[in-house]
Amino acid sequence: MGEVEESGEMNISERRVGIIYDEKMCKHHTPDGDYHPENPNRIRVIWNKLLANNIPQRCVVLSGKEAEDKYLMAVHSENHVNLIRNISSKQFDSRRNRIASKLNSIYFNEGSSEAAYHAAGSVLELAERIAKGDLNSGAAIVRPPGHHAEYDEAMGFCLFNNVAVAASFLLDERPELGVKKILIVDWDVHHGNGTQKTFWNDSRVLFFSVHRHEFGSFYPGNDDGFYTMIGEGPGTGYNINVPWEHGRCGDADYLAVWDHILIPVAKKFDPDMIIVSAGFDAAVGDPLGGCCITPYGYSVMLKKVAAALMDFAQGKIMLALEGGYNLDSIANSFLACMKVLLEDKPVSGSVEAYPFESTWRVIQAVRKKLSSYWPALADELPLKLTIQNAPHPHILISNSDSEGEDEKAPNIDSEIVQEVMEPFSKLKVEDNQDQGATSSTSWRSELSKIDIWYASFGSNMWKPRFLCYIEGGQVDGMKKPCTGSMDKNLPKEILWKIFPHRLCFGRDSTRTWGPGGVAFLHPDSSVGEKTYMCLYKITLEQFNDVLLQENVSSYQMNSPVFDLAALQSIKNKGSIFLEVFKSGWYRNVVYLGNERDIPILTMTCSISDAESFKLGEFPLRRPSKEYANTLVKGLVEGGQLSEEEAIAYIEEASSKPLC
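Cut-offs used in this document
All chains use their own residue numbering, which begins from 1 and follows the written sequence. Local features in this predicted model are restricted to residues of pLDDT 70 or higher, and side-chain atom pairs are both shown and tallied only at a pLDDT of 80 or more, whereas totals for entire chains, interfaces and linings draw on every residue. Side-chain metrics in this entry use all non-hydrogen atoms of the structure; hydrogen atoms and water are not considered. Every helix listed is a DSSP run of H or I at least four residues long, and every strand listed is a run of E at least two residues long, numbered separately from the N terminus. It only takes one pair of heavy atoms within 4.5 Å for two residues to be counted as in contact. Axis definition: a line fitted to C-alpha atoms, limited for helices to the stretch in contact. Angles are taken between N-to-C directions and run from 0 to 180 degrees. Comment on the angle field: the value is read as roughly parallel under 35 degrees, roughly antiparallel over 145, roughly perpendicular from 65 to 115, and oblique elsewhere. All amino acids are sorted into three groups, where Ala, Val, Leu, Ile, Met, Phe, Trp, Tyr, Cys and Pro are nonpolar, Asp, Glu, Lys and Arg are charged, and the leftover types, Gly among them, are polar. Salt bridge, as used here: a side-chain nitrogen of Lys or Arg that lies within 4 Å of a carboxyl oxygen of Asp or Glu. Each residue's exposure class comes from its accessible area (1.4 Å probe, protein chains only) as a fraction of the maximum for that residue type: buried when under 20%, exposed when over 50%, partly exposed otherwise. In these notes, a set of buried Ala, Val, Leu, Ile, Met, Phe, Trp, Tyr and Cys residues joined through side-chain atoms within 4.5 Å is what counts as a nonpolar core.

What follows covers the side chain of H118. When you line up the elements, H118 lands in helix α5 (residues 112-132). The residues contacting H118, other than those within four sequence positions of it, are D22, K24, M25, G64, K65 and E66.

Let us now look at the packing of helix α3 (residues 78-86) against α5. Contact pair α3 / α5: the axes reach a minimum separation of 7 Å and the direction vectors enclose 125 degrees. Relative to α5, the element α3 is oriented oblique. When α3 is examined against α5, the residues V81, I84, R85 and N86 are found in contact with a partner set consisting of S113, A116 and Y117. Here the contact of α3 with α5 is built from residues that sort into four nonpolar, two polar and one charged.

For the coordinates displayed, the defined rule picks out 30 salt bridges. Linking R58 and D344 is a salt bridge whose minimum nitrogen-to-oxygen distance equals 2.7 Å. Here the residue R58 occupies a position in the loop between α1 (41-52) and β3 (60-62), and D344 occupies one in the loop between α10 (327-341) and α11 (357-370), the gap between them amounting to 286 residues. Among the residues examined, D344 registers a relative accessible area of 24% and is labelled partly exposed. Put simply, D172 and R204 hold a salt bridge, and the shortest N to O gap is 2.9 Å. Pair noted here: D172 is in helix α6 (residues 162-173) and R204 is in the loop between α7 (193-198) and β6 (205-212), with a separation of 32 residues, a long-range link. For D172, a relative accessible area of 42% translates into the label partly exposed.

Turning to the nonpolar core, a few remarks are in order. Ranked by internal contacts, the top residues of the largest apolar core, which has 125 residues, are W187, F208, Y254, W258 and M338. When near neighbours in sequence (up to four residues on either side) are disregarded, Y254 contacts V210, W244, C249, A282, C291, I293 and M301. The next biggest cluster of nonpolar side chains, apart from the first, holds 71 residues, and it includes I452, I538, V546 and V561.

See below:
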């Protein structure tokens, strides 16, 4: 299918390793030249790193080749293929940007078509060479990436699903090559939704994806990547998702998954070939991934697969580049993987840390769900493994009452798109993660010395519910657990007060509580109104962590969102709107006075949101039974009202119109 190009004085190792790279894939870039993390430098820096280490000189270097439409249409619709084929033509000049704007995290320019066709064709080219036995293994340095691209839609930087096209080609077009079963390992930090859907009903493909998920709030922002999604029909049990609950997962977490899920299942599946959707955005320092895999970690992950499967896949392994947006990390990680394929001395490193507690929780959930399909997963994990846990991660997960799904207002999924996947010109690669950690430690130390009263008016009035935001965990009625604050010390004091503000319940549903409204406090005081509020004496550092959990899915807390300057300013302004949270429902911090010279702060909706409730632009809704019960428990156990009085209090706030 392609011509072999020899680069310099080739010294091909005993194991023939192929590599493919083509500058044509650099023609795809933003139309206006603005910075974007998915840019041509991603593959250039990898190629230059490999050249500097004499890697291509030891490999079979293949020419890039465009994919044929008939092979693309085995995975994508005719309309989709036609769109990508023609999007760079002059006839689309006037509407190219408009079309891109309607897609999820996609841009187009005059070179997008050629790059996309070469990315898919190059992966297919290399896969066929490996399947034929011309090569033992190989790596495709391609872009745009592919694993998010679905049957009829480009999304998440991906135009064609490169890996799915190659796998489909081998299984359906070249049966004589003997590749009857393919294991696809997707270690990109984002779930490979497009690849999953392609082989959802297909037992010939074991699709394995380990990714940051955060209960559906991390991109692509749905439940497709949850561990309960195991395939359908003949493909039931052949779709395995390992969904991280938070960021900061590193070598120890991934290798635990390899040892206790992937390798046992892969050995039983007995594939004829392994294709790795090799995204490197879970690497240390990646600006979008927030995880911590080292080059050494990637090399061990690949080596474990290669070693375990050598007997029955004859070492037929191919890497196809997916994501990865820190140029140093992506280049060093790719180099480490190439050294594994070439059977070089491994890169230096070690895994001394333990996995997070949540890692074992996820591993056990996956094993239990799939044990009836893969008996090797049925055994209980040894206690000595699960009791050795890493400290809690420094990234917080949103478990907020503000995670609504109301189509009239941005929900958490659209926020992920807006804050992480769209305004790329504002994103900067974090070259030094340790520096960020030092910055985080500095502000936390400072704010841990300042006390405030956090005044709660909703479910947080019940102490066990509020402590989920401090200690982590969940209470009855909550659909998912909280991560908790960095500082897990309990509130120093608790007291109750009544404030002249209007309480109401709005929005259609939340991820934490399901259908029904949640509590909002009108930011302005009003004579005649009365709201019971439970005040927790916590530190300003803890207040920042509670703010975060109430508003967003994840956020690198290298600096506080509400600092000492804001604390001084709010006493004069009365409230401060936190722009950083954008779509959060509780992004307005309101000052309610002092108690013993300590400021009282609460968080609620903005004035404009309150007006939208009044005008019917945002829905007012009664709370769910589970949510209302937490308020009743808080009021009763706090000694404010009897159960009957508490129910009547909530009923009045739920039914009285805003005026």
